[in-house]
Amino acid sequence: MTSSHTDCHFCLQSLRGRKYALRGENAYCVPCYDSLYANPCEGCKQPIECSSKDLAYKGRHWHEGCFRCAKCRRSLVEKPFAAKDEVLLCTECYSDDYSSKCFHCQKTIMPGSRKMEFKGSSWHESCFVCQHCQQPLGTQPLITKDNENYCVPCFEKQFAHHCYACKKVITSGGVTYDDQPWHKECFVCAVCKTQLSSQRFISQDEYPYCVDCFSKFYAKKCAACKKSITALGGAKYISFEERQWHGECFNCARCSTSLVDQEFLTQQDDILCHKCGSA
């Protein structure tokens, strides 16, 4: 600006025919204004004179030519930029040094773009999809297998086991019996329906039975003690002429000597050791 009738508010010299700057209601010659009010440039540390463009960011000031990326030195004037520890960087340099990499494609997730966080890793929203149907997962429930994510319906279709009893999907836990998967709550005695996942059981005709039910309906009876022979734990039993004995019950009827792995004789319904049978 020029004036023909005012004086500099600071040095009182005439501003007639001279450029001047206004601050509030006061006029200053250019040298006085620059010395009093010019902001120091963050780049070159020189005052930003009133004849220069002053670019400001968060209370800091730069000459237009000094407003550059601290790493690649490209101008940031009218371009997006980011700040890290008070240093200004273009978006490319900021991304290279500080932005997250997408777990799926390993490319940079650019500042300002939406990203998904899952199990400590970051994903592009467009990369965070079901591996099978390719639909976005967003915030819906998902299941991970071999570092790949699946929506629940696709995972169940591709990988989940179906219970041998109820045919429904086993989502967690479960019991394996006879090479078939079962829900824990479906793995029950075929007769009394008692859950068998935490107790001993015996199989018969491809179905599991609790010990009591098996003994009652299927187990052979010992010819000596008349109790059921279940063979649990690998216990030995003896079979002879359609009769069975517990190993500890297979004894001579007269002297009670064990006949397991010994020669024996029969006399009517009794079994006798060789000595007793020959007497």
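In the annotation of an unreviewed UniProt entry, the protein is listed under the name Four and a half LIM domains protein 5 and assigned to Sylvia borin. Its UniProt record gives the protein a comment under Subunit (unreviewed entry), which states: "Interacts with CREM (via the third LIM domain). Interacts (via second LIM domain) with SPAG8." In its Subcellular location (unreviewed entry) section, UniProt records this for the protein: "Nucleus".

## As for the state of the cysteines
Counted under the stated rule, the structure contains zero disulfides. Here Cys130 stays free of any disulfide, with the sulfur of Cys133 as its closest cysteine sulfur at 3.7 Å. On the accessibility criterion, Cys130 (0% relative accessible area) is buried. Summary of cysteine pairing: Cys163 is not part of a disulfide, and the nearest cysteine sulfur, belonging to Cys166, is at 3.8 Å.

## Some remarks on the packing of aromatic side chains
Evaluated as defined, the whole model comprises 17 aromatic pairs. On the basis of an interplanar angle of 45° and a centroid distance of 5.0 Å, the ring pair of Phe103 and Trp123 is categorised as tilted. Within this pair, whereas Phe103 is found in the loop between helix H2 (91-98) and strand E8 (115-118), its partner Trp123 is found in strand E9 (residues 121-124), the two being separated by 20 residues in sequence. An angle of 45° between the planes, with centres 5.2 Å apart, marks the rings of Tyr164 and Trp182 as tilted. In this pair, Tyr164 is assigned in the loop between strand E12 (161-162) and strand E13 (169-170) and Trp182 in strand E15 (residues 180-182), connecting sequence segments 18 residues apart. Accessibility expressed as a relative area gives 29% for Tyr164, which makes it partly exposed. Since its relative accessible area comes to 5%, Trp182 is described here as buried. The rings of Tyr57, Trp62, Phe67 and Phe81 are connected pair by pair, giving a single aromatic cluster. It is Lys167 that lies over the ring of Tyr164; its NZ or CZ is 4.8 Å from the centre.

Rules of the game
Residues numbered from 1 in each chain as written. Predicted model: local features only at pLDDT ≥ 70, side-chain atom pairs only at ≥ 80, totals over all residues. Heavy atoms only, no water. UniProt positions renumbered as here; feature names shortened; annotations may be inferred. Disulfide = S-S within 2.5 Å. Buried < 20%, exposed > 50% of the residue type's maximum accessible area, 1.4 Å probe, protein only. Phe/Tyr/Trp six-rings, centres within 6.5 Å; stacked < 30°, edge-to-face > 60°. Helix = DSSP H or I, 4+ residues; strand = E, 2+ residues; numbered from the N terminus. Lys NZ or Arg CZ within 6 Å of the ring centre and 35° of its normal.

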